[in-house]
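Here's the letter readout for the chains.
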Amino acid sequence: MAEITDRESLELWLEDKPREWATVIAVRAALRVTPLLATALGPRGGARKAARDIILPVLRGTAAPWVAATWPTRGAEAQ
């Protein structure tokens, strides 16, 4: 099994893999952060500032890999 310890080793490992593998890893990484939103926003759902500063960037981060996987020829537009 490959040992992936940083971004560079991940990029080297992905070189000979299909593009979909990178997409799956990106989506899973983004989705792993999503539960942390509850902690960041607090028990009452947080304030508008927290929503703007935390939720929107996380959702954008989860949307970009999905768009790139769904429409591979238009992935650059999502970035």
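Residues numbered from 1 in each chain as written. Predicted model: local features only at pLDDT ≥ 70, side-chain atom pairs only at ≥ 80, totals over all residues. Heavy atoms only, no water.

### Digging into the pattern of salt bridges
For step 1, the next point in the chain: Within the structure shown, the criterion is met by 2 salt bridges.
For step 2, the next point in the chain: In this structure, the salt-bridge partner of Glu-11 is Arg-7, at a minimum N-O distance of 3.0 Å. Taken as a pair, Glu-11 and Arg-7 lie in helix 1 (residues 7-14) at a separation of 4 residues, close to a single helical turn.
For step 3, the next point in the chain: Note on Arg-7: relative accessible area 66%, which makes it exposed.
For step 4, the next point in the chain: Across the salt bridge formed by Asp-16 and Lys-17, the nearest N and O atoms sit 3.0 Å from each other.
For step 5, the next point in the chain: Among the residues examined, Lys-17 registers a relative accessible area of 22% and is labelled partly exposed. (Salt bridge = Lys/Arg side-chain N within 4 Å of Asp/Glu carboxyl O. Helix = DSSP H or I, 4+ residues; strand = E, 2+ residues; numbered from the N terminus. Buried < 20%, exposed > 50% of the residue type's maximum accessible area, 1.4 Å probe, protein only.)

### Here we look at the environment of Leu-41
For step 1, the next point in the chain: Relative to the assigned elements, Leu-41 resides in helix 3 (residues 36-41).
For step 2, the next point in the chain: Owing to a relative accessible area of 16%, Leu-41 belongs among the buried residues under this scheme.
For step 3, the next point in the chain: Along the primary structure Leu-41 and Ile-55 are separated by 14 residues, whereas in three dimensions their C-alpha atoms are 9.0 Å apart.

### Concerning the packing of helix 1 against helix 2 (residues 19-33)
For any two helices packed against each other, the geometry comes down to the angle between their axes and how far apart the axes lie.
For step 1, the next point in the chain: Two elements in contact, helix 1 and helix 2, have axes separated by 10 Å at closest approach and are oriented at 145°. Judged by residue contacts, Leu-10, Trp-13 and Leu-14 of helix 1 engage Trp-21, Ala-22 and Ile-25 from helix 2.
For step 2, the next point in the chain: Taken together, the residues that form the contact of helix 1 with helix 2 break down as 6 nonpolar, no polar and no charged. (Axes fitted to C-alpha atoms, helices over the stretch in contact; angles between N-to-C directions. Contact = heavy atoms within 4.5 Å. Nonpolar A, V, L, I, M, F, W, Y, C, P; charged D, E, K, R; others polar.)

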